[in-house]
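So the chains spell out like this:
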Amino acid sequence: MNSHQIIEALANGERPSRSEIVDLLHPGFDDEEALFTAADETRRRYVGDAIHLRAIIEFSNYCERNCVYCGLRRDNKTLCRYRMSPDKIVERAVDVYEMGYRTVVLQSGEDSYYTSEIVAEVISEIKRGREIAVTLSLGERPRKTYRLWGDAGADRYLLKHETSDEVLYAKLHPDLDYRERFRCLRDLKESGYEVGSGIMAGLPGQTLESYADDILFFAEAEIDMIGMGPFIYNSATPIIGSGLNNLDFVYRLIALTRLVTKDTHIPATTALTIKDLEQGRMKVLSVGANVIMPNLTPDKYRADYAIYPDKATAAEVIADSRESLAELAASLGRYIGEGVGGSRKKAGVG
Ligand code: 5AD
Ligand code: SF4
């Protein structure tokens with residue numbers, strides 16, 4: 001099949017082979033516009049014109065892990081560390097609810113200071129009498145903890161697998177285990193969460209084949225939400241490599257992921273909008289994305305959640321109002337989704 005036929009087959013619901021995905025990611029593939037158009041049509045058909053907002057609160061930048069690409073890694077002594085108290089987290093989440101958001105994402109490094117019980121308490125306090133979805137992004141924990149948090153009311157969980165290349169995964173994550181990562185994703189799914197995963201693009205050592213495997217994994221594991229962003233070099237980390245020259249490759253990954261996974265939620269991630277917030281978002285939203293994750297971390301902590309350089313500057317701008325986001329949506333002929341905006345994969349939600 002030529003690339004046109006592959007795009008058409010994908011649009012008609014066929015599951016691609018690994019080599020077909022590789023063909024469309026290949027630098028020699030020259031019909032990006034056809035891919036983007038097909039992805040945008042698939043997005044409209046399966047998840048509609050709503051853009052869902054997920055407010056993120058980054059409540060602690062302590063991390064016990066040492067991922068070689070990440071500014072929060074425990075060996076980065078240049079970072080000023082902070083923790084919000086459980087009461088402050090709840091207070092902020094309630095503020096976010098009162099501003100009109102219907103999803104709050106609680107995110108931190110892997111920080112065992114927040115015990116299972118403390119987090120469970122925070123979740124139930126936030127959920128008490130409020131129609132708000134709680135998404136957690138707290139890293140790897142035992143199955144019983146995921147269950148406890150689910151019972152406390154947590155609805156969704158984000159845990160990127162970062163790359164499906166097992167050898168590369170081990171190099172990038174000196175103290176994480178590839179199989180354990182997928183164990184967590186499985187446990188989360190089995191515990192009733194809507195599960196988010198995702199990857200970075202442009203890490204030294206990734207291949208077109210590994211990206212193809214990433215996309216096939218999203219489909220096979222019925223991942224509900226997929227976050228994809230460029231790796232951005234951080235000089236406070238040991239990784240060597242400058243990342244991608246431009247974002248075109250990530251747009252292509254997003255478009256292909258939409259075409260293959262159909263009804264997933266795909267955010268315009270912060271890392272994708274770092275060069276030009278408005279244009280970056282418009283572009284990603286027009287090639288398959290349908291979610292924006294505004295940063296609602298209290299101002300005084302923003303600069304310290306420094307996963308990569310300039311994130312705080314981007315985050316500052318991203319303190320956007322719901323009005324400006326509604327304008328952005330309208331300029332694309334779209335609108336801001338009401339309600340919690342749950343997974344389309346679950347019967348009756350949507
Ligand atoms: N560039 C882009 N994204 C990064 N992340 C961590 N380090 C970087 C970086 N240098 C992302 C990872 C991880 C989350 C904490 O942030 O995808 O899941
Ligand atoms: Fe910690 Fe996550 Fe950064 Fe790894 S990627 S160092 S687990 S915050």
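Relevant structure appears above.
About the cut-offs
- Residues numbered from 1 in each chain as written.
- Chains lettered and ligands numbered in written order.
- Predicted model: local features only at pLDDT ≥ 70, side-chain atom pairs only at ≥ 80, totals over all residues.
- Heavy atoms only, no water.
- Pairing = 2+ DSSP bridges.
- Helix = DSSP H or I, 4+ residues; strand = E, 2+ residues; numbered from the N terminus.
- Near = heavy atom within 4 Å.
- Polar contact = N/O pair within 3.5 Å; in protein donor to acceptor, adjacent residues only side chain to side chain.
- Areas by Shrake-Rupley, 256 points an atom, 1.4 Å probe, with all protein chains shown as cover.
- Nonpolar A, V, L, I, M, F, W, Y, C, P; charged D, E, K, R; others polar.
- Axes fitted to C-alpha atoms, helices over the stretch in contact; angles between N-to-C directions.
- Parallel < 35°, antiparallel > 145°, perpendicular 65-115°, else oblique.
- Left-handed = near helix turned anticlockwise from the far one by under 90°.
- Contact = heavy atoms within 4.5 Å.

Draft legend 1. Looking closely at the sheet that holds strand β8 (residues 267-268). Reading across from one edge, β8-β9-β1-β10 is the order of the four strands in this open sheet, with parallel pairing throughout. Of all strands in the sheet, those with a lone pairing partner are β8 and β10 (335-336), marking the two edges. Two strands pair when backbone bridges link them, and β8 and strand β9 (residues 291-292) are joined in this way by two bridges, in the parallel orientation. Bridged to Ala268 within β9 is Ile292.

Draft legend 2. The arrangement of the site of ligand 1 in detail. Looking at ligand 1, the residues that line it are Tyr69, Cys70, Lys160, Glu162, Met200, Pro230, Phe231, Ile232, Ile307 and Tyr308. In this structure, an oxygen atom belonging to ligand 1 sits 2.5 Å away from a side-chain N or O atom of Glu162. Summarising the interface, the protein chains cover 83% of the accessible area of ligand 1, which totals 400 Å² for the free molecule. For the shell around ligand 1, a count of residues per class yields eight nonpolar, no polar and two charged.

Draft legend 3. Highlighting the packing of helix α3 (residues 32-47) against helix α10 (residues 248-261). Look at α3 against α10: their axes get within 8 Å of each other, and the N-to-C directions meet at 45°. Of the possible angle classes, the one that applies to α3 and α10 is oblique. As α3 runs across α10, the sense of the crossing is left-handed. Taking contact as the criterion, the partners of Glu32, Leu35, Phe36, Ala38, Ala39, Thr42, Arg43 and Val47 in α3 are, on α10, Asp248, Tyr251, Arg252, Ala255, Leu256, Arg258 and Leu259. Residue classes in the contact of α3 with α10 are distributed as nine nonpolar, one polar and five charged.

Draft legend 4. Representation of unusual backbone geometry. Although it is not a glycine, Glu162 sits at a positive phi angle of roughly 70°. The residue Glu162 is located in the loop between β5 (156-158) and α7 (166-172) in this model.

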